[in-house]
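Structural description and commentary
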Amino acid sequence: MEIKTVGVLTSGGDAPGMNAAIRSVVRYGLSRGFKMVGVERGYHGLLRGEFLDLDASSVCDLIQRGGTVLQTARSKQFATPEGIAQAVEVAKEKGIDALVVIGGDGSFRGAQKLSENGLPTIGIPGTIDNDISCTEYTIGYDTALNTAMEAVDKVRDTATSHQRCSLIEVMGRNAGYIAIEVALATGAEMVLVPEKDRACPRVELVNRIVDDIKIGQAVGKKHHIVIIAEGVGGSQELAEMIEECTGVETRATVLGHIQRGGSPTIHDRVVAAQMGMKAIDLLSEGKSNRVVIIKNGQLSDMDINEGLAMQKTVSDFDYRLVGNLSRGMWNS
Ligand code: ATP
């Protein structure tokens with residue numbers, strides 16, 4: 001089937017650089033002769049036919065803006081066989097022949113079902129968590145890391161001045177990539193991630209932190225910074241338990257949604273431009289059910305089903321490097 005009109009939507013959690021990706025998809029798509037249509041509010045908007053025609057000027061002044069101008073949503077109604085069938089019907093009715101979906105794993109599951117049901121779909125990884133197994137990089141990750149790093153640097157200044165212990169919670173419900181990289185970049189004493197620490201009893205976690213505080217005190221450290229991924233949870237409760245055990249003033253800081261917003265870094269803008277172009281090229285070549293990826297540092301693509309079946313996990317080496325560098329003692 002000849003593709004004349006391509007829709008583009010953003011889905012799942014927003015990520016800085018999604019706008020730059022929309023701009024790339026739209027401008028490159030137009031240059032390849034496609035009519036371009038924006039779908040508002042992800043799959044929710046697809047079901048309701050919330051479409052707008054896009055020309056080159058519709059995506060002016062977007063590249064530097066965080067969030068997503070198309071807005072995003074999570075839709076339970078879409079993720080049912082009836083929802084998928086309805087979405088394909090609405091798209092066909094409105095003349096949309098193919099779709100580019102910018103989002104995370106969940107969004108790609110939806111994209112896979114749309115492809116299976118006759119709407120050619122290409123995925124672009126956009127999520128701050130970098131937790132999509134088939135790609136080394138997801139749009140938004142670098143910006144989120146830098147935002148979290150700058151915030152931790154600020155908390156560190158005050159923690160040092162007051163000789164406090166600071167537990168700083170960063171995003172990552174199921175993935176510790178942000179936590180580990182931010183801990184390495186800020187010289188934190190310790191990092192806790194869901195993959196390794198979620199199942200650990202609270203008392204054991206507290207004991208580990210308390211022991212580490214004592215090691216730090218013995219070598220004259222003026223603060224103790226622990227980066228905790230959101231998925232480990234209970235930062236406030238941990239802070240209270242640590243203060244009770246050590247007498248060291250301990251504060252929990254939850255960075256929260258501050259990490260999702262803001263102007264994308266140069267890396268996120270450049271990757272977004274490249275991935276947007278690749279998605280359109282794949283559709284031009286008649287391909288469907290593919291996800292654009294970075295593999296060995298290069299732009300590439302992969303079958304969505306294969307991509308979703310892959311597993312990746314945090315680096316054990318980097319996890320241990322945080323504590324080793326902080327203590328100056330090498331436990332390999
Ligand atoms: P993030 O990583 O930022 O959370 P995500 O794309 O993984 O992004 P989800 O909320 O998991 O975010 O998924 C976005 C939307 O994709 C869901 O609201 C739902 O409409 C659709 N979706 C998720 N899983 C499926 C599925 N198994 N089948 C069909 N659609 C799905």
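Quick caveat: nothing in here was measured; it's all calculated off a predicted structure.

1. Notes on the pattern of salt bridges
- This structure, assessed with the given rule, holds 14 salt bridges.
- Salt-bridge contacts for Lys-35 lead to Asp-53; the nearest nitrogen and oxygen are separated by 3.5 Å. Within this pair, whereas Lys-35 is found in strand E2 (residues 35–39), its partner Asp-53 is found in strand E3 (residues 51–54), the two being separated by 18 residues in sequence.
- Lys-35 sits in the partly exposed class, given a relative accessible area of 43%.
- The salt bridge partner of Arg-41 is Glu-50, with a shortest N-O separation of 2.8 Å.
- Its relative accessible area of 18% is what places Glu-50 among the buried residues.
- Within this structure, Arg-164, Glu-249 and Arg-251 form a network of salt bridges that share partners.

2. Considerations on unusual backbone geometry
- Of note, Gln-71 is a non-glycine position whose phi angle comes to about 65°, a positive value.
- Here Gln-71 is to be found in the loop between E3 and helix H3 (81–93).
- Its identity as a non-glycine residue notwithstanding, Asn-289 has a phi of 55°, on the positive side.
- Tracing the backbone through its elements, the reader meets Asn-289 in the loop between helix H10 (266–284) and strand E10 (290–295).
- A residue is classified by how much of its surface remains accessible, and Asn-289, at 12% relative accessible area, is buried.

3. Let's talk about the domain arrangement of the chain
- Along its sequence, the chain is organised into domain 1 (5–140 + 264–309) and domain 2 (144–260).
- Here the C-alpha centre of domain 2 lies 35 Å away from the C-alpha centre of domain 1.
- Taking both sides of the interface into account, the surface hidden between domain 1 and domain 2 amounts to around 800 Å²; carbon and sulfur atoms contribute 50%.
- Three residues stand out in domain 1 for area buried against domain 2, namely Asp-14, Ile-128 and Asp-129, and they jointly supply 54% of the buried area on that side.
- The tally of links from domain 1 across to domain 2 stands at one salt bridge.

4. Let's talk about the packing of helix H5 (residues 141–162) against helix H6 (residues 177–186)
- With their axes 9 Å apart at the nearest point, H5 and H6 run at an angle of 50° to one another. Our classification of the angle between H5 and H6 gives oblique. The hand of the H5/H6 crossing is right-handed. Where H5 abuts H6, its residues Tyr-141, Ala-144, Leu-145, Ala-148, Met-149, Val-152, Asp-153 and Arg-156 lie against Tyr-177, Ile-178, Glu-181, Val-182, Ala-185 and Thr-186.
- Residue classes in the contact of H5 with H6 are distributed as 10 nonpolar, one polar and three charged.

5. What about the sheet that holds E10?
- In spatial order, the strands read E3-E2-E1-E4-E5-E10-E11; together these seven strands make up an open sheet with mixed pairing. The sheet is open, and its two edges are formed by E3 and strand E11 (298–303), each paired on a single side. Ignoring strand direction, the axes of neighbouring strands in this sheet form an average angle of 30°.
- Of the strand pairs in this sheet, strand E1 (residues 5–10) and E2 are connected by four bridges, and their pairing is parallel. By the bridge assignment for E2, Thr-5 is matched with Lys-35.
- Against the sheet, helix H1 (residues 18–31) engages E1, E2, E3, strand E4 (98–103) and strand E5 (121–125), with an angle of about 160° to E4.

How each quantity is defined
- Residues numbered from 1 in each chain as written.
- Predicted model: local features only at pLDDT ≥ 70, side-chain atom pairs only at ≥ 80, totals over all residues.
- Heavy atoms only, no water.
- Salt bridge = Lys/Arg side-chain N within 4 Å of Asp/Glu carboxyl O.
- Helix = DSSP H or I, 4+ residues; strand = E, 2+ residues; numbered from the N terminus.
- Buried < 20%, exposed > 50% of the residue type's maximum accessible area, 1.4 Å probe, protein only.
- Domains from an automatic or database assignment.
- Buried area = accessible area lost by both parts, 1.4 Å probe.
- Axes fitted to C-alpha atoms, helices over the stretch in contact; angles between N-to-C directions.
- Parallel < 35°, antiparallel > 145°, perpendicular 65-115°, else oblique.
- Left-handed = near helix turned anticlockwise from the far one by under 90°.
- Contact = heavy atoms within 4.5 Å.
- Nonpolar A, V, L, I, M, F, W, Y, C, P; charged D, E, K, R; others polar.
- Pairing = 2+ DSSP bridges.

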